[in-house]
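Here are the chains, one letter per residue:
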Amino acid sequence: MPLETAATKAAAAPAAPAASRTEVRERAARQRKLGVYAARAAVLAGVLGLWEAAAATGVIDPFNFSRPSKIWAQIWQWITHGTAQGSLGEQIGYTLYEALTGWVLGVVGGVLLGIALGRVRFLADVFGPYVKVLNAIPRIVLAPIFLIWFGLGPASKVASAVVLVFFPVFFNAFQGAREVDRNLVANARILGADSRKVTLQVVVPAATTWIFTSLHVSFGFALIGAIVGEYIGATKGLGLLVAAAQGTFNAAGVYAAMAILAVVALLTEGLLTFAEKRLFRWKPADAGDSR
């Protein structure tokens, strides 16, 4: 009986270290994540604390630079009493509608044209110079033109967002279509796939990683387009709040609108990251992610 017990323990011994190593790695990953969150919170608290102290002691001019306490008071006033243009939620919703609409239109146009020009060399040769010329134009300066064309409504802000989103998505989709493994395309054709099936079943999935890379950056551009358009001329939106606060030399109002925009951008970035992880669950984690 003792011999059987010893043999059983010896057989079970290799499994225990493997399980313990997995637990140790998972515990270390959780601790690292908590440490990262704690460090981020500490950095933010330190910056805000130094800012508040510098404004209180006169190191910086609180009239020009404001202070975190006044910024929070401004945000709380907007939350509880609304803004001159309506409730704060209405302003956020208005800007998000413009940014999301422009983002979707810019992404769809960029992906379709990028894949098309990446797959058909003739189209790339014909339209390539025009795309390069349009990309060289400072697109922010188009916002006043769109305001003249489409008026103070959301259409002009959507147009500004579209032109800012289109080009980064287009170039990533174009490069992704060009970087597809030629052996995959050749094998698909051997199996009888026509050009449409090759594009939909080989090229588009292979370019998805490139496209998702551009989505993270492009939504920030969509917000910029909407805000700039609202700043130039609008009836609602966070950009109008910035313009109104600037017009009354209300630095706290400007910073408050910027803080709200930062929160919106971070939440959207989190949603995109979550969607990307769900979509690419089959991909191995980067080496940097395990450290």
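Before reading on, note that the structure itself is shown above.
Residues numbered from 1 in each chain as written. Predicted model: local features only at pLDDT ≥ 70, side-chain atom pairs only at ≥ 80, totals over all residues. Heavy atoms only, no water.

Things to note about the overall build of the protein chain
Within the protein chain, the regular secondary structure consists of twelve helices and zero strands. The order of α-helices and β-strands along the protein chain, N terminus first, is α-α-α-α-α-α-α-α-α-α-α-α. Evaluated residue by residue, the protein chain yields a buried proportion of 33% over its 291 residues. Within the protein chain, counting contacts between residues at least 6 apart in sequence, those at least 24 apart form 74% of the total. With an accessible surface of roughly 17,600 Å², the protein chain has 69% of that area assigned to carbon and sulfur atoms. (Helix = DSSP H or I, 4+ residues; strand = E, 2+ residues; numbered from the N terminus. Buried < 20%, exposed > 50% of the residue type's maximum accessible area, 1.4 Å probe, protein only. Contact = heavy atoms within 4.5 Å. Areas by Shrake-Rupley, 256 points an atom, 1.4 Å probe, with all protein chains shown as cover.)

Quick look at the packing of aromatic side chains
Evaluation of the coordinates by the stated rule reveals eleven aromatic pairs. Here the aromatic residues Phe166, Phe167, Phe170, Phe171 and Phe174 are joined through ring pairs into a cluster of three or more. (Phe/Tyr/Trp six-rings, centres within 6.5 Å; stacked < 30°, edge-to-face > 60°.)

Details of the packing of helix α5 (residues 88-119) against helix α6 (residues 121-136)
One can describe the packing of α5 onto α6 by two numbers: an axis separation of 5 Å at closest approach and a directional angle of 115 degrees. In terms of axis orientation, α5 runs roughly perpendicular to α6. Facing Ala116, Leu117 and Arg119 of α5, the residues of α6 in contact are Arg121, Leu123, Ala124 and Phe127. The residue makeup of the contact of α5 with α6, split by class, is five nonpolar, no polar and two charged. (Axes fitted to C-alpha atoms, helices over the stretch in contact; angles between N-to-C directions. Parallel < 35°, antiparallel > 145°, perpendicular 65-115°, else oblique. Nonpolar A, V, L, I, M, F, W, Y, C, P; charged D, E, K, R; others polar.)

Quick look at the environment of glutamine 91
Position of glutamine 91 among the secondary structure elements: in helix α5. Given a relative accessible area of 0%, glutamine 91 falls into the buried group. With 147 residues separating them along the chain, glutamine 91 and leucine 238 place their C-alpha atoms 5.7 Å apart. Those residues in contact with glutamine 91 that lie beyond four places of it in its chain are Thr83, Gln85, Gly86, Lys236, Gly237, Leu238 and Leu241.

A few points about the nonpolar core
Formed by 33 residues in total, the largest nonpolar core has its most connected members in Trp78, Trp103 and Leu238. At the level of secondary structure, the elements contributing two or more residues to this core comprise α4 (68-81), α5, α8 (154-178), α10 (195-232), α11 (238-247) and α12 (251-279). In terms of residue count, the dominant contributor to this core is α10 (nine residues). When neighbours within four sequence positions are excluded, tryptophan 103 is seen to be in contact with Val165, Leu215, Ser218, Phe219, Ala222 and Leu272. Phe166, Phe167, Phe170 and Phe174 belong to the second-largest nonpolar core, a separate cluster that totals seven residues. (Core = buried A, V, L, I, M, F, W, Y, C linked by side-chain atoms within 4.5 Å.)

Some thoughts on the side chain of threonine 95
Along the chain, threonine 95 turns up in helix α5. Looking at threonine 95, the relative accessible area reads 2%, which means it is buried. If we ignore the near neighbours within four places in the chain, the residues touching threonine 95 are Leu223, Ala226, Ile227, Glu230, Gly237, Leu238 and Gly239.

Some words on a nonpolar patch on the surface
On the surface, Val120, Phe122, Val126, Phe127 and Tyr130 cluster together into a nonpolar patch covering about 530 Å² of accessible area. With respect to the element layout, tyrosine 130 can be found in helix α6. Among the residues examined, tyrosine 130 registers a relative accessible area of 59% and is labelled exposed. (Patch = residues over 30% accessible without salt bridge, like charges linked within 9 Å, V, L, I, M, F, W, Y side chains within 5 Å. Salt bridge = Lys/Arg side-chain N within 4 Å of Asp/Glu carboxyl O.)

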